[in-house]
Amino acid sequence: MARIALVTGGIGGIGSEICTRLAKNGYTVIANHIPQEAAQAEAWKAERVAAGLNVDTAVGDVSSFEDSARMVAEVVAKHGPIDVLVNCAGITRDTTFKRMDADKWNAVIDVNLNSVFNVTRQVWDGMLDRGFGRIVNISSVNGQRGQFGQTNYSAAKAGMHGFTMALAQEGAAKGVTVNTVSPGYVETPMTLAMNDDVRNKIIGGIPMRRMAQPAEIAAAVAFLVSDENGYVTGANLPVNGGLFMH
Ligand code: NAD
């Protein structure tokens, strides 16, 4: 039986590559998306199914505990228990702390950090009971080093790895691994939309002098969630072209 993988934010720039890579590796992959992305999700699925990939989509707002519970229950009823969870949904609401309001703060904490609790909580007991599970949280280099204008995002992303390290200890003796992947700058629609000056300045500061391809993030995730990887847990794997080393 193919392993079942759920990827939150699964039809986004990085999430899409993770889904495609895992499907190519033989997983049954379910990509979560928000209701506003329904049309996009349908096209996303059709394209991949036509290419012979075993993918499905699941609508749900992962910033809501109740909606996450409903979504996971539906996925499990349709596909069976979830073996692999990749928490990839994320947003930014950048501004200096002087201009940071409660809405921008809470939105980023809810979507990037509380979502990790909301969704992981739904799959955790089953993973422990079955003695197998793989969880990867997609954080960011800016959770490791901080970033001007991103107090909300850096706090959420650093929080994700705290969660990883604590939960990894609870899963370690039960066959469940929990890891973080911290991408640097990735070539997605968001970063491609930057003006050339900003982009070139960023690239100039990266030792590899380029941004990551989303597939390079997916490759790191594919390793961490594989059956083969039974011994890496609680790690924070940087995929950042040498931008930040620790
Ligand atoms: P993206 O905007 O293309 O994808 C994010 C996805 O999350 C979108 O499809 C969005 O609709 C979804 N999402 C937002 N709110 C949601 C919610 N409440 N419930 C469910 N889904 C929701 O962005 P991306 O660049 O692919 O980023 C993916 C992850 O990687 C994010 O967590 C981001 O913080 C992280 N990251 C990105 C970069 C980068 O350079 N692009 C760098 C480091 C980390």
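Up top is the structure.
Bear in mind the structure is a predicted one, so any value in this text is a computation, not a measurement. (Residues numbered from 1 in each chain as written. Predicted model: local features only at pLDDT ≥ 70, side-chain atom pairs only at ≥ 80, totals over all residues. Heavy atoms only, no water.)

## Structural notes on helix α3 (residues 65-79)
Our working rule: Counting from the N terminus, the helices are DSSP H or I runs at least four residues long and the strands are E runs at least two residues long. Multiplying one less than the number of residues by 1.5 Å gives the expected span of a helix. Partly exposed describes any residue whose relative accessible area lies between the buried limit of under 20% and the exposed limit of over 50%, with all areas from a 1.4 Å probe on protein chains only and scaled to the type maximum. To be clear, the arc concerns the directions from the helix axis to the C-beta atoms. The contact definition used throughout considers only heavy atoms, calling two residues in contact when any of these lie within 4.5 Å. Nitrogen and oxygen atoms within 3.5 Å of one another constitute a polar contact, given that in protein one can donate a hydrogen and the other can accept it, and given that sequence-neighbouring residues count only through two side-chain atoms.
Over its 15 residues, α3 extends 21 Å from the first C-alpha to the last, a length consistent with the 21 Å expected when each residue adds 1.5 Å. For α3, the full list of buried residues reads Ser68, Met71, Val72 and Val75. Seen end-on, α3 carries its buried residues on one side only, within an arc spanning 95°. Seen from the buried face of α3, the exposed residues on the opposite side, beyond 90 degrees, are Glu66 and Ala77. Contacts from the buried residues of α3 go to β1 (4-7), β2 (28-33), β3 (55-59) and α4 (102-130). Its side-chain oxygen placed 3.4 Å from the backbone nitrogen of Glu66, Ser64 serves as the N-cap of α3.

## Points about helix α9 (residues 214-225)
In a regular helix each residue adds 1.5 Å, so 12 residues correspond to 16 Å; α9 covers 17 Å between its end C-alpha atoms and thus fits that length. Within the sequence span of α9, burial applies to Pro214, Ile217, Ala218, Ala220, Val221, Ala222, Leu224 and Val225.

## A short note on the pairing of β2
Working note: regular strand, side chains alternate between the two faces of the sheet. Rule in force here: Between any two strands, pairing holds if DSSP finds at least two bridges.
For β2, the buried fraction is high: 6 of the 6 residues fall into the buried class. Where burial is concerned, the two faces of β2 agree: the one with Thr28, Ile30 and Asn32 and the one with Val29, Ala31 and His33 are both buried. Across 4 bridges, β1 lies against β2 in parallel orientation. By the bridge assignment, Ile4 is partnered in β2 with Thr28.

## Some remarks on the site of the ligand
Put simply, the test is: By convention in this text, a residue qualifies as near a molecule or strand provided that one of its non-hydrogen atoms is within 4 Å of it. Each accessible area is a Shrake-Rupley estimate made with a 1.4 Å probe; only the visible protein chains count as cover when residues are assessed. Asp, Glu, Lys and Arg are counted as charged, while Ala, Val, Leu, Ile, Met, Phe, Trp, Tyr, Cys and Pro are counted as nonpolar; the rest, among them Gly, fall into the polar class.
If you check the shell around the ligand, you find 28 residues, and the closest are Gly13, Ile14, Glu37, Asp61 and Tyr153. Gly13 places a main-chain nitrogen or oxygen 2.8 Å from an oxygen atom of the ligand. Contact between the ligand and Glu37: an oxygen atom at 2.6 Å from a side-chain N or O atom of the residue. Compared with its free state, where it exposes 820 Å², the ligand has 86% of that area covered by protein. Every element with two or more residues in the shell around the ligand is listed here: α1 (13-24), α6 (151-171) and α7 (189-192). Within the shell around the ligand, the residues separate by chemical class into 13 nonpolar, 12 polar and 3 charged.

## Some remarks on the sheet that holds strand β7 (residues 236-239)
Note the following rule: All axes are obtained by fitting lines to C-alpha atoms, using only the stretch in contact for helices, and the reported angles, taken between N-to-C directions, cover 0 to 180 degrees.
In spatial order, the strands read β3-β2-β1-β4-β5-β6-β7; together these 7 strands make up an open sheet with parallel pairing. Each having just a single partner strand, β3 and β7 make up the two edges of the open sheet. Ignoring strand direction, the axes of neighbouring strands in this sheet form an average angle of 20°. The pairing of β1 with strand β4 (residues 84-87) spans 3 bridges and is parallel.

## Observations regarding the packing of aromatic side chains
Spelled out, the test is: Ring geometry is summarised as follows: Phe, Tyr and Trp rings, the Trp one being its six-membered ring, pair when their centres sit within 6.5 Å, and such pairs are stacked at plane angles under 30 degrees, edge-to-face over 60 and tilted between the two. Only when the NZ atom of a Lys or the CZ atom of an Arg is both within 6 Å of the ring centre and within 35 degrees of the ring normal do we say a charge sits over the ring.
Tallied over the full model, the rule gives 1 aromatic pair. Relative to Phe117, the ring of Phe65 lies with its centre 5.6 Å away and its plane at 20°, an arrangement referred to as stacked. With Phe65 in helix α3 and Phe117 in helix α4, this pair connects stretches of sequence that are 52 residues apart. Looking at Phe65, the relative accessible area reads 32%, which means it is partly exposed. Positioned above the aromatic ring of Phe132, the side-chain terminus of Arg3 is 3.6 Å from the ring centre.

## With respect to the nonpolar core
Where we set the bar: The definition of a nonpolar core used throughout is a set of buried Ala, Val, Leu, Ile, Met, Phe, Trp, Tyr and Cys residues joined through side-chain atoms within 4.5 Å.
Within the largest apolar cluster, 31 residues are counted, with the highest numbers of intra-cluster contacts made by Ile18 and Leu22. Residue assignment for this core shows that the elements contributing at least two residues are β1, α1, β2, α2 (38-50), β4, β5 (133-138) and α9. Sort the elements by how many residues they give to this core and α9 lands first, with 7 residues. In contact with Ile18, other than residues within four places in its own chain, are Val7, Val86, Cys88, Ile138, Ala218 and Val221.

## Brief notes about unusual backbone geometry
Note: most peptide bonds trans; most residues except glycine with negative phi. Located in the positive-phi region is Arg209, a residue other than glycine, with phi close to 55°. By the element assignment, Arg209 lies in the loop between α8 (196-204) and α9. The exposure class of Arg209 is exposed, given its relative accessible area of 52%.

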